Number of protein chains: 2
Amino acid sequence: MSKTILLGHGSGGKLTSDLIKKSFVEYFDNQTLKAMTDSAIVNIDDKLLAFTTDSYVVDPIFFPGGDIGKLAVSGTINDLAVSGAEPLFISAAFIIEEGFSIDDLESITKSMKDEADKSGVNIVTGDTKVVNKGQCDKIFINTAGIGLLERRCEHISTGKHIQCGDKIIVNGYIGDHGIAVMGAREKLKFETEILTDCACLNHLTKSVIDSGADIKFMRDITRGGLATVVSEITENRKFGIKINERDIPVRESVRGMCEIFGYDPMFLANEGKVLMVVSEQSADKVINIMKKQEHGRESAMIGEITSTNPGKAVLHSVVGGSRIIDKLTGEMLPRIC
Amino acid sequence: MSKTILLGHGSGGKLTSDLIKKSFVEYFDNQTLKAMTDSAIVNIDDKLLAFTTDSYVVDPIFFPGGDIGKLAVSGTINDLAVSGAEPLFISAAFIIEEGFSIDDLESITKSMKDEADKSGVNIVTGDTKVVNKGQCDKIFINTAGIGLLERRCEHISTGKHIQCGDKIIVNGYIGDHGIAVMGAREKLKFETEILTDCACLNHLTKSVIDSGADIKFMRDITRGGLATVVSEITENRKFGIKINERDIPVRESVRGMCEIFGYDPMFLANEGKVLMVVSEQSADKVINIMKKQEHGRESAMIGEITSTNPGKAVLHSVVGGSRIIDKLTGEMLPRIC
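Next up on the list: the interface of chain B and chain A. Each side of the interface is counted separately: chain B has 82 residues, and chain A has 82 residues. In this assembly, chain B packs against chain A so that about 7000 Å² is buried in total across both faces, 66% of it on carbon and sulfur atoms. Ranking the residues of chain B by area buried against chain A places Ile 5, Phe 28 and Phe 51 of chain B at the top, with a combined share of 10%. Here chain B is connected to chain A by twelve salt bridges. The partner of Glu 106 of chain A in a salt bridge is Lys 22 of chain B, with the nearest N and O atoms 2.7 Å apart. There are 32 residue pairs in polar contact (both at pLDDT 80 or more) connecting chain B and chain A. Elements with a contribution of two residues or more to the side of chain B that touches chain A: helix H1 (14–28), helix H2 (31–34), strand E1 (40–44), strand E2 (47–56), strand E5 (86–97), helix H4 (102–119), strand E6 (122–131) and strand E7 (139–148) of chain B. A class-by-class count of the residues in the side of chain B that touches chain A yields 39 nonpolar, 24 polar and 19 charged.

This part is about the domain arrangement of chain A. Residue and element names in this part refer to chain A. The domains assigned to chain A are domain 1 (7–153) and domain 2 (167–325). Put simply, the middle of domain 1 and the middle of domain 2, counted by C-alpha atoms, are 21 Å apart. Around 2300 Å² of area is buried between domain 1 and domain 2 when both sides are counted, 57% of it from carbon and sulfur atoms. The three residues of domain 1 that bury the most area against domain 2 are Pro 64, Asn 78 and Val 82, which together make up 24% of that side's buried surface. Between the two partners, domain 1 and domain 2, sit one salt bridge. Across the pair Asp 59 and Arg 185 runs a salt bridge, and its minimum N-O distance is 4.0 Å. Where domain 1 meets domain 2, there are ten residue pairs in polar contact (both at pLDDT 80 or more). With eight residues, helix H3 (residues 68–81) is the single largest residue contributor to the side of domain 1 that touches domain 2.

So, on to unusual backbone geometry. Cis geometry is adopted by the peptide bond preceding Pro 60 of chain A, which originates at Asp 59 of chain A and carries an omega value of 0°. Inspection of the secondary structure assignment puts Pro 60 of chain A in the loop between strand E2 (47–56) and strand E3 (62–63). Backbone geometry places Asn 309 of chain B, a non-glycine residue, at a positive phi of 50°. Within the secondary structure layout, Asn 309 of chain B lies in the loop between strand E12 (300–306) and strand E13 (313–316). Of the residues examined, Asn 309 of chain B reaches a relative accessible area of 40% and is grouped as partly exposed. Backbone geometry places Arg 335 of chain B, a non-glycine residue, at a positive phi of 55°. Assignment of secondary structure puts Arg 335 of chain B in the segment after strand E14 (322–325).

The next thing to look at is the relation of the copies chain B and chain A. If you rotate chain B by 180° and push it 0.0 Å along the axis, it lands on chain A with an RMSD of 0.0 Å. A rotation of that kind, with that shift, is consistent with a two-fold axis. Residue Cys 136 of chain B, judged by its C-alpha, is the member of chain B lying nearest the rotation axis, at 2.0 Å. When you check the interface residues of chain B against chain A, 100% turn up at the interface there too, and the contact is symmetric in its surfaces.

All names here are of chain B. Applying the stated rule across the entire model yields 56 salt bridges over all chains. Across the pair Asp 137 and Lys 138 runs a salt bridge whose closest N-O atoms are separated by 3.2 Å. In this structure Asp 137 comes out as buried when scored by relative accessible area, which is 16%. Residue class for Lys 138 comes out partly exposed when judged on its relative accessible area of 25%. The shortest N-O distance in the salt bridge between Asp 137 and Arg 335 comes to 2.8 Å.

This paragraph deals with helix H9 (residues 283–291) of chain B. Residues and elements named next belong to chain B. Within H9 the residues assigned to the buried category are Ala 283, Val 286, Ile 287, Ile 289 and Met 290. Within H9, the buried residues cover an arc of 160° as seen down the axis, which keeps them to one side. Structurally, H9 contributes buried residues whose contacts are with strand E8 (167–170), helix H6 (202–210), strand E11 (274–278) and E12.

For Phe 89 of chain A, the position within the fold is in strand E5 (residues 86–97). For Phe 89 of chain A, the residues in contact, after removing those within four places along its chain, are Val 121, Asn 122, Val 124, Ala 144, Gly 145 and Ile 146 of chain A together with Val 42, Asn 43, Ile 44 and Phe 51 of chain B.

Before going further, it helps to examine the side chain of Lys 273 of chain A. Looking at the secondary structure, you find Lys 273 of chain A in the loop between helix H8 (252–261) and strand E11 (274–278). Beyond its immediate sequence surroundings of up to four residues, Lys 273 of chain A is in contact with Asn 171, Gly 172, Tyr 173, Asp 197, Leu 201, Arg 219, Asp 220 and Ile 221 of chain A.

Strand order in the open sheet made by the five strands is E1-E2-E7-E5-E6 (chain B), with mixed pairing throughout. The sheet is open, and its two borders are formed by E1 and E6 of chain B, each paired with just one other strand. This sheet shows a mean twist of 20° between the axes of neighbouring strands, independent of strand direction. Its contacts with the sheet place helix H1 (residues 14–28) of chain A against E5 and E6 of chain B, and it is angled at close to 150° to E6 of chain B.

Attention now goes to the packing of aromatic side chains. Geometrically, a pair of aromatic rings is defined through the distance of the ring centres and the angle of the planes. Evaluated as defined, the whole model comprises seven aromatic pairs over all chains. Seen in terms of ring centroids, Phe 24 of chain A and Phe 94 of chain B are 4.4 Å apart; in terms of plane orientation they differ by 15°. Their pairing is stacked. Taken as a pair, Phe 24 of chain A in helix H1 and Phe 94 of chain B in strand E5 lie in two separate chains rather than in one. No difference in accessibility class separates Phe 24 of chain A from Phe 94 of chain B, as the two residues are buried.

Glancing now at the packing of H6 of chain B against H9 of chain B. Residues and elements named next belong to chain B. Axis separation between H6 and H9 bottoms out at 10 Å; the angle between their running directions is 140°. The two elements H6 and H9 cross, and the hand of that crossing is right-handed. Between H6 and H9, the residues in contact are Leu 204, Ser 207 and Val 208 and Val 286, Ile 289 and Met 290, respectively. Per-class residue counts for the contact of H6 with H9 are five nonpolar, one polar and no charged.

The next point concerns the side chain of Ser 157 of chain A. Residues and elements named next belong to chain A. Residue placement: Ser 157 occurs in the loop between strand E7 (139–148) and strand E8 (167–170). A relative accessible area of 5% places Ser 157 in the buried class. Discounting residues that sit within four places of it in the chain, Ser 157 has contacts with Thr 37, Ile 41, Ser 83, Phe 217 and Arg 219.

Rules of the game
- Note that residues are indexed from 1 along each chain, following the sequence as it is written.
- Ligands are numbered from 1 and chains lettered from A, in the order in which they are written.
- Side-chain atom pairs in this predicted model are given and counted only at pLDDT of 80 or more, local residue features only at pLDDT of at least 70, and totals for whole chains, interfaces and linings cover all residues.
- The side-chain numbers reported here are obtained from all heavy atoms of the structure, hydrogens and water having been left aside.
- Contact between two residues is taken to exist if any of their heavy atoms lie within 4.5 Å; hydrogens are not considered.
- Buried area is calculated as the accessible area (1.4 Å probe) missing from two parts once they are joined, with the contributions of both summed.
- Each salt bridge in this description consists of a side-chain nitrogen of Lys or Arg and a carboxyl oxygen of Asp or Glu lying within 4 Å of one another.
- Polar contacts, as used here, are pairs of N or O atoms within 3.5 Å; protein pairs need one atom able to donate a hydrogen and one able to accept it. Residues neighboring in sequence count only if both atoms are side-chain atoms.
- Numbering of helices and strands starts at the N terminus; helices are DSSP runs of H or I of at least 4 residues and strands are runs of E of at least 2.
- As a working rule, the residues Ala, Val, Leu, Ile, Met, Phe, Trp, Tyr, Cys and Pro are called nonpolar, Asp, Glu, Lys and Arg charged, and the rest polar, with Gly in that last group.
- Domain extents, as shown, originate in an automatic or database domain assignment.
- Note on exposure labels: buried denotes an accessible area under 20% of the residue type's maximum, exposed denotes more than 50%, and partly exposed covers the range between, all computed with a 1.4 Å probe on protein chains only.
- Superposition of the copies was done by least squares, using only C-alpha atoms of residues whose pLDDT is at least 70 in both.
- What the arc covers is the set of directions going from the helix axis to the C-beta atoms.
- DSSP calls a pair of strands paired once it identifies at least 2 bridges connecting them.
- Lines fitted to the C-alpha atoms define the axes, with helices restricted to the stretch that makes contact. Angles between their N-to-C directions range from 0 to 180 degrees.
- Think of it this way: a Phe, Tyr or Trp ring, Trp meaning its six-membered ring, pairs with another when their centres are within 6.5 Å, and the plane angle makes it stacked under 30 degrees, edge-to-face over 60, tilted otherwise.
- For any pair of crossing helices, the crossing counts as left-handed if the nearer helix is rotated counterclockwise from the farther one by less than a right angle, and right-handed if it is rotated clockwise.

Listed below in structure tokens is the structure:
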């Protein structure tokens, strides 16, 4: 293992996972953290709460379809929502570089408020630190969040009920966020502008939970991409995953950019996508419900849980071959979120 | 108002307060945030929770008696504790500069774990971001925390029960943290080493709460110093505060450094100090309880709530004069926490 921090340690992929296990989970040493779920699931007397935190360091801070503020709110809302929880409150902590424009700061806070309103959540506490010019890049935002979890949803973040035959569903096109931010950073002009998919998914997840569908697992697909999520689901488990490449929704424009730059859409970042594992019996119902939701119109079933290839996720490609899907290694696009 | 962010906007003093009111509270617009308490007090069904967040950007990251990790845990524990809550869980989110030493990271996480253990709290969730070299200074840590609040303590963070005759108590020497960090930053050699006072105060506050003493208000004295806290207590209130300079505990070594560098101990940062307002009847009892606690041995009564000078805090100096105490203006020592 490297003796210094590499960009890849923040990729959300393999190096991040290794660092978290070795330098954080081992030291902090408690069962809640060891579960390695996106949100911690904690008991307070008879209540079950989801609790999560994320820092946002995206560069540039304004990009097509969003900004760091929108991202900071929706990212934390989504971590709670995919745990099966109803998001209730979030915090907002700012680290700002001396000389940063107050107009830009207010655009960002306005955008945070808009996104919080859409999700029905209040920003109830915060913090402000300022560092000297050159000691941080413009602005970093941390949001932490609390959600209320029903006991019947407690298993969703761990995936412990997953079994063979369960279906894998995503709520729409993958990779938009990665390409939108990369395009903004490199100042690329696209023929068709690609916007971030950044959105709060709590209404979408609630509609599925409230339907009584048999949800086995949910996770938001963020900086490590779809590949990292499916690879993590099978890790140390007795089942495998089969993903059908032809069924993964990818915009033509995103696919085109991937071909030009040599990216694999499976590893591109998303900020408004959830992967669900649901029982075979519930799958069609879940897709129908999701398609009626603003952020689920292009929902698709992309694969299933298999008894073959235990511990592995396998991609069945459009041209007929198959290959193991691994977590993101190294760093594709630093500061994507 | 300035059009760009100044270092003073992160001082914890007047500019910070103005920025928070104008750029955050006004936009985020909700009653919980408007209370401007250190922790948000929120209801989840029949439970009352305290929820808080703080980012730590202290420079240097290791200093006499502590490091950024110890600070990040105790700071958030203290925000919960002074709200009258029992701290339960905290999160830890890291923004790390590419090239940072993993050994240093592990020293920091070890120190976080030690401090969390002392306070009896688990670090249950986290996040890791890495930014390119030069885009942040070494490491920044955000911690958010959740505490459980009894209804009888709900008033403590707002101070709405404060009345004339109430006594002002602090739990020991002020200014140690400010001088310790400043000394480490400037690589000063002191004859007597001055250590940070950084410590978790939740056992101290619990001992006072459990005694049934009539606590009117608590706040931790941090980057804005004692002056900022006493000034904020009286803001828009119908009472004043009288502080007796001779009763404020300040170490001789700290006083000496203040004389050399022209600092006022009243504005120096602290990381293990709480200011309490308690009823006149409870004051002696509270001091006796605090003096039995590890972090309260030098507790002292430093002043009282007065009907004179409403809305103002007044310092009665050792030499017999008096002057208005204002919030910290500008920035005394950037990145003190």
